[in-house]
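# Structure assessment
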Amino acid sequence: MSAGPTPSQTVGPYLSIGLTWAEGPYVVAEDAPGAVWLHGRIRDGAGEPLPDALVETWQADPQGRFHTPGFRGFGRCGTDDDGRWAIRTVKPGPVEGQAPHLVVSVFARGLLHRVVTRLYFADEAEANGGDKVLATVPPERRHTLLAERDDEGYRFDIRLQGDDETVFFDL
Amino acid sequence: MTTSPHPPLLSPGYRSTVLRAPRQQPILLAPSLSELTGPVLGEGPVVAGDADLSVDGSGEAQGQRIVVHGQVRDAGGRPVADQLVEVWQANAAGRYLHKWDRHDAPLDPHFTGLGRTVTDGQGHYRFVTVKPGAYPWGNHPNAWRPAHIHFSLFGRAFTQRLVTQMYFPDDPLFAYDPIYNSVPEFARDRLVSQFDLSATVESWALGYRFDIVLSGNSATPMETS
């Protein structure tokens, strides 16, 4: 067998068998101080919701630290039949001078490789204005990376393709 | 410049990519600490028995019993120790335990198709399962997926996250499968396990070896503290 990197393959339509955890959406407990739902829908290039996708998030704690004991930092939620996902967490602190953000992976049938994006918070306008990664994104597309405050927490819709296509990053 | 071993997101032979692959070029991101760290999941979601898919509490799954094992390494060749490995697969008849799988093949009351384990100190993992069957899908006329096991790996950093599929040697369906063939030709054999007599258990199970190499950099633990 070759020693080069192993290629990616799609999760396929039956990803929920292998990648569902009951506790996956709970980065923090439901009643943790400051807990919010980050939630949204995932749609394809025809505007149809994806019922067979998975969102994973990774983030710093509210002080901007990673691997704090007791803080998993990782969230995972499959989409429901309407393409909706939701993760219970707290807003992260700034990391290395960047605006508060989570890094996000999206997996789905039809995605041969995960796509990677970042979730920023629309109510952090000042910090967002100084963020070195957002600065690399064309201004007219930056709004696709901003989660908007709502009654449950923050809404972050993901559009894989088409008008208002979410900005994805190449690591 | 290295050539990516990963498939292009838009691979029209695999029809589902056409409306799901982003059309804009991704923006190059110099990884920060957010990307150079990652979850340390370890034993968390794993319960006893999760590495043996061939039995459940009340009986044995049908089919050819196999051992699947290998080593997980990073791009520098270092073993990826103590990290979660998740697998899922069809049963021996080629049927998934899923509400959307309507293939006219029997479900197996003793097979869920879900496995989890954690790599040891040298990055090794080992599952016992049954060989999955090939199954038909609707991508094109008379389309059949080659037998495969889905693998999910985290590595030590967000950059290293990988989901892939492991295939079996010499499958005649390779030539017709747009998912396998979405991978650049030079890297396709990296998805194919090898028959391994040393992992074969006499009078019990055939052995296959599937080593996995993760792309991407990670921070050292000291840099994250």
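Predicted model, so just to flag it, every value in this text is computed and none were measured.

Rules used in this analysis
- Residues numbered from 1 in each chain as written.
- Chains lettered and ligands numbered in written order.
- Predicted model: local features only at pLDDT ≥ 70, side-chain atom pairs only at ≥ 80, totals over all residues.
- Heavy atoms only, no water.
- Contact = heavy atoms within 4.5 Å.
- Buried area = accessible area lost by both parts, 1.4 Å probe.
- Salt bridge = Lys/Arg side-chain N within 4 Å of Asp/Glu carboxyl O.
- Polar contact = N/O pair within 3.5 Å; in protein donor to acceptor, adjacent residues only side chain to side chain.
- Helix = DSSP H or I, 4+ residues; strand = E, 2+ residues; numbered from the N terminus.
- Core = buried A, V, L, I, M, F, W, Y, C linked by side-chain atoms within 4.5 Å.
- Buried < 20%, exposed > 50% of the residue type's maximum accessible area, 1.4 Å probe, protein only.
- Pairing = 2+ DSSP bridges.
- Axes fitted to C-alpha atoms, helices over the stretch in contact; angles between N-to-C directions.

In this section: the interface of chain B and chain A. Listed as interface residues are 74 residues of chain B and, on the opposing side, 67 residues of chain A. At the boundary of chain B with chain A, total buried surface from both sides reaches about 6100 Å², with 61% on carbon and sulfur atoms. Three residues stand out in chain B for area buried against chain A, namely Arg-20, Ile-27 and Phe-158 of chain B, and they jointly supply 14% of the buried area on that side. At the junction of chain B and chain A, the tally comes to 5 salt bridges. With a shortest N-O distance of 2.8 Å, Arg-118 of chain A and Glu-35 of chain B are connected by a salt bridge. For the pair chain B and chain A, the interface holds 38 residue pairs in polar contact (both at pLDDT 80 or more). Listed by contribution, the elements that provide at least two residues to the side of chain B that touches chain A are strand E1 (27–28), helix H1 (33–36), strand E5 (84–89), strand E6 (114–118), strand E10 (148–153), strand E11 (162–167) and strand E14 (212–214) of chain B.

Attention now goes to the nonpolar core. With 28 residues, the main nonpolar core has Leu-38, Ile-42, Trp-85, Val-106, Leu-119, Ile-158 and Leu-160 of chain A as its most contacted residues. Going through the elements one at a time, strand E1 (36–43), strand E2 (53–58), strand E4 (84–89), strand E5 (101–108) and strand E6 (115–121) of chain A are the ones with two or more residues in this core. Discounting chain neighbours no more than four positions away, the residues touching Leu-38 of chain A are Trp-85, Ala-86, Ile-87, Thr-89, Leu-102, Leu-119, Phe-121 and Tyr-154 of chain A. Leu-53, Ala-61, Ile-66 and Leu-153 of chain B belong to the second largest nonpolar core, which has 23 residues in total.

Now for the sheet that holds E11 of chain B. All names here are of chain B. The antiparallel open sheet is built from 4 strands, whose spatial order is E6-E5-E10-E11. Each end of this open sheet is capped by a strand with a single partner; those strands are E6 and E11. Here the strands of the sheet are splayed against their neighbours by 20° on average, with no regard to which way each runs. Pairing geometry for E10 and E11, over 6 bridges, is antiparallel. Its bridge partner lying in E11, Ile-149 is registered against Met-166.

This paragraph deals with unusual backbone geometry. Residue and element names in this part refer to chain B. Unusually for a residue other than glycine, Asp-82 sits at a positive phi of about 55°. Locating Asp-82 in the fold gives a position in the loop between strand E4 (65–74) and E5. Given a relative accessible area of 48%, Asp-82 falls into the partly exposed group. One non-glycine residue, Asn-142, lies in the positive phi region at around 55°. Mapped onto the fold, Asn-142 is located in the loop between strand E8 (135–137) and strand E9 (143–145).

The next point concerns the environment of Leu-15 of chain A. If you trace the backbone, Leu-15 of chain A turns up in helix H1 (residues 15–19). Classification of Leu-15 of chain A as buried rests on a relative accessible area of 5%. Among residues more than four places away in sequence, those in contact with Leu-15 of chain A are Asp-52, Ala-53 and Leu-54 of chain A together with Trp-88 of chain B.

Another aspect to go through is the pattern of salt bridges. Counting across every chain of the model gives 18 salt bridges over all chains. As a salt-bridge pair, Glu-124 of chain A and Lys-91 of chain A come within 2.8 Å of each other at their nearest N and O atoms. Here Glu-124 of chain A is found in the loop between E6 and helix H2 (125–129), whereas its partner Lys-91 of chain A is found in the loop between E4 and E5, with 33 residues between them in sequence. You can call Glu-124 of chain A partly exposed: its relative accessible area is 22%. Close ionic contact of Arg-73 of chain B with Asp-211 of chain B constitutes a salt bridge, the shortest N to O distance being 4.0 Å. Taken together, the positions of Arg-73 of chain B in strand E4 and Asp-211 of chain B in the loop between strand E13 (206–209) and E14 put the pair 138 residues apart, joining distant regions of the chain. Note on accessibility: Arg-73 of chain B and Asp-211 of chain B belong to one class, buried. Several salt bridges share partner residues, and in doing so they unite Glu-56 and Arg-76 of chain A together with Glu-86 and Arg-161 of chain B into one network.

To continue, consider the side chain of Thr-57 of chain A. Here Thr-57 of chain A shows up in strand E2. The residues touching Thr-57 of chain A, leaving out its near neighbours within four places in the chain, are Val-27, Gly-73, Phe-74, Gly-75, Ile-87, Leu-102, Val-103 and Val-104 of chain A.

Topologically, Thr-117 of chain B is positioned in strand E6. Once you skip the residues sitting within four places of it in the chain, Thr-117 of chain B turns out to touch Val-46, Ala-51, Gln-83, Leu-84, Val-85, Tyr-125, Arg-126 and Phe-127 of chain B.

Don't take any of this as a statement about function, it's just geometry.
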